[in-house]
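# A closer look at the structure
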Amino acid sequence: MQGRMMFQPLLISSFIEHAAQYHSDTAVISKNTDLSMTHTTWSKVANNAKRFAKALNSLGLQAHHRIATIAWNNHRHLEAWYAISGNQMICHTINPRLFPEQLIFIINDAQDRVILFDKTFLPLIVAVKAHIPLVEHFICLSDYDTDVIEALPEAQFYDVLVTKQNSEFNWPIFDETTASSLCYTSGTTGNPKGALYSHRSTALHSMAIALPDSMGLSAKDVMMPVVPMFHVNAWGTPYAAAMVGSTLVLPGPGLDGTSLVNLIDQYQVSIALGVPTIWQGLLTAAKNMGSQLSSMKRNVVGGSACPASMIHTFKDVYNCDTIHAWGMTETSPLGTAAQLKTKHLGLSQEEQTYVRLSQGRPPFGVSLRLCDQEQGTNTIPSDGKQTGNLQIKGHWIIDSYFGKDQSALTIDGWFDTGDIATVDMDGYLRISDRAKDLIKSGGEWISSVELENIALDFTNDISMAAVIAAKHPKWDERPILIAVKHAESQLTEAEILEYYAKKVAKWQIPDEVIFVQSIPLNGTGKILKKELREQFEHILLEE
Ligand code: AMP
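Residues numbered from 1 in each chain as written. Predicted model: local features only at pLDDT ≥ 70, side-chain atom pairs only at ≥ 80, totals over all residues. Heavy atoms only, no water.

### Observations concerning the site of the ligand
Within the structure, the ligand sits among 15 residues, and A325, T329, D419, R434 and K526 are positioned closest to it. Contact between the ligand and A305: a nitrogen atom at 3.3 Å from a main-chain N or O atom of the residue. Between the ligand and Q359 there is a distance of 2.9 Å, counted from a nitrogen atom to a side-chain nitrogen or oxygen. For the ligand, whose free accessible area comes to 500 Å², the fraction covered by protein is 91%. No other element matches the 4 residues that strand β14 (residues 321-327) contributes to the shell around the ligand. Grouping the amino acids of the shell around the ligand by side-chain chemistry returns 4 nonpolar, 8 polar and 3 charged. (Near = heavy atom within 4 Å. Polar contact = N/O pair within 3.5 Å; in protein donor to acceptor, adjacent residues only side chain to side chain. Areas by Shrake-Rupley, 256 points an atom, 1.4 Å probe, with all protein chains shown as cover. Helix = DSSP H or I, 4+ residues; strand = E, 2+ residues; numbered from the N terminus. Nonpolar A, V, L, I, M, F, W, Y, C, P; charged D, E, K, R; others polar.)

As structure tokens, then:
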């Protein structure tokens, strides 16, 4: 017997319709590419989304066509997102920090018909244009601009296209499993692969990230996604913001600490999200500027492990609760978020920080398991002690990559994350490494992440740390630390190694510390360990 309740497909257009209807005057504040500010509202965003959807139709685009964006977090980008997916087309967000060859590869692989771009990225478009023959329209996210026309004569302009249309438009209704957006993995090895999200997966993910034990989003929040819209859809926040009707502050190109502190203070941001490097810059700026960040209640840290010192500083100095979260492009991205349970409330501050330092536990909708090998099916107990290959399953987890016929899953239907972790009885996850970054010394595994976190305890001295495996004649591999020091720091190798001796077993202490000027990062700010290995892995053999 069937239930007797209404069925409505879960469509992205319904998020923006909801925001337009019930949060019409709630602000969406956006920093433009020229650093001016635009103050708009959810109802105006919804109107422009409809007008741009009509503009896309007028250009001859059809359902399922891929429309790429190379843009900052700003209001036009937001409107275009809703226009594209709401109109049954696929919004392909592209990371502008990719190498040009990778950019060309993914534009061609996705068969993008249109590229929407911010003026900042005009040189990039001009450089790759000859290699992306399928792209029919280049639309600059601005009003008419002669500089753009000079460099790219065929360019069209978002504002001009939108102005030509009115907002009388009914969003199409279609199957909720239809593809809505496409995001490529950052591809530290091999070619990037596309994760193709659906309207349904996006809707369920957005509801899950808004839950109190995830990010706890509401209409009382002023949310600033610093994480770019091209990095797994800004972790889904522009969708969840429309669902809950929060105020949005979109920081545009200004991702430096000073600009972010100014936005937080001026617009009273209550929750902001970003990768650890963003927060490091912000904390330094807040200190130098004497800002109390008094409006900030929560900050979400993900993408890489959050150092303990960061959680302490946010809590002790700014009274802000850090939510550490874990996820991947393939998981939409939220897999887990670190929020306390009732049983933790009586614990000491130190013990609570230990819980918050985990990558957190899954919301309803995803499950985790550990296996004894990569792509394996032999499970290991989730007892908080045993380490295994982390696998995940759920409503917003990838099934197969865009354009690939074969499943991305294990034979029994789980997605292997490539992460090595423990999971405890409550589901709290602790990532110890990427499978390929673990160090195997004399048959024993050493976690590079644990050693990096120890180095980052020297917050006043070290701004970035990477531990990699160096080849060793006796032990096969030994850990070495590669670190970037702050300009005035006098920290020495001996001092760091002495500190390690207090924190880890003797055989886990790095064999060598190498200070460098900079560490190579990929397009989403993650350390490119492959490059570091190529450069330094023979160093112990040479010595
Ligand atoms: P991406 O698909 O580029 O977002 O990368 C996903 C990978 O980033 C994960 O598989 C993890 O290895 C890493 N990652 C994401 N969040 C965290 C976190 N909170 N702590 C440690 N590693 C993380």
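### Looking at the domain arrangement of the protein
Segmentation of the protein into domains returns domain 1 (27-316), domain 2 (367-435) and domain 3 (438-542). Every contact between the two is made by 6 residues of domain 2 and, on the other side, 5 residues of domain 3. Per-residue buried area on domain 2 facing domain 3 is highest for S432, D433 and A435; these three make up 78% of the total on that side. For the interface between domain 2 and domain 3, the tally reads 0 salt bridges. Linking domain 2 with domain 3 are 3 residue pairs in polar contact (both at pLDDT 80 or more), by the criterion used here. Top contributing element to the side of domain 2 that touches domain 3 by residue count: strand β20 (residues 429-434), with 4 residues. Across the side of domain 2 that touches domain 3, the residue classes tally to 3 nonpolar, 1 polar and 2 charged. (Domains from an automatic or database assignment. Contact = heavy atoms within 4.5 Å. Buried area = accessible area lost by both parts, 1.4 Å probe. Salt bridge = Lys/Arg side-chain N within 4 Å of Asp/Glu carboxyl O.)

### Section: the packing of helix α11 (residues 257-267) against helix α12 (residues 276-289)
Closest axis-to-axis distance for the α11/α12 pair is 8 Å, and the angle between their directions is 70°. On the basis of their axis angle, the class for α11 and α12 is roughly perpendicular. Residues G257, T258, L260, V261, N262 and I264 of α11 form the contact with α12, whose own contacting residues are I278, G281, L282, A285, A286 and M289. Tallied by class, residues from the contact of α11 with α12 come to 8 nonpolar, 4 polar and no charged. (Axes fitted to C-alpha atoms, helices over the stretch in contact; angles between N-to-C directions. Parallel < 35°, antiparallel > 145°, perpendicular 65-115°, else oblique.)

### As for the packing of aromatic side chains
In this structure the tally under the stated criterion is 10 aromatic pairs. When the ring of W72 is compared with that of F121, the centres are 5.0 Å apart and the planes differ by 45°; the resulting orientation is tilted. Of this pair, W72 sits in the loop between β3 (66-70) and α3 (75-86) while F121 sits in the loop between β5 (112-117) and α5 (122-128), and the two are 49 residues apart along the sequence. W72 gets classed as buried once you look at its relative accessible area, which sits at 13%. Aromatic pair F169 and W171: ring centres 5.4 Å apart, planes at 85°, arrangement edge-to-face. Comparing F169 with W171 shows no difference in burial state: the two are buried. Among the aromatic residues, ring-to-ring pairing joins F15, W81, Y82 and Y239 into one connected group. For the cation-ring pair, K193 lies above Y401, with the distance from its terminal atom to the ring centre recorded as 4.5 Å. (Phe/Tyr/Trp six-rings, centres within 6.5 Å; stacked < 30°, edge-to-face > 60°. Buried < 20%, exposed > 50% of the residue type's maximum accessible area, 1.4 Å probe, protein only. Lys NZ or Arg CZ within 6 Å of the ring centre and 35° of its normal.)

### A word on the pairing of strand β19 (residues 415-423)
Burial analysis of β19 places 9 of its 9 residues in the buried class, which makes it a mostly covered element. Note that strand β18 (residues 388-394) and β19 share 4 bridges and pair antiparallel. Paired with Q391 across the strands is D416, a residue of β19. In this structure, β19 lies alongside β20, joined through 5 bridges in antiparallel fashion. Counterpart to I420 in the pairing with β20 is D433. What sits between β19 and β20 in their antiparallel hairpin is a turn of 5 residues, with G427 showing a positive phi close to 95°. (Pairing = 2+ DSSP bridges.)

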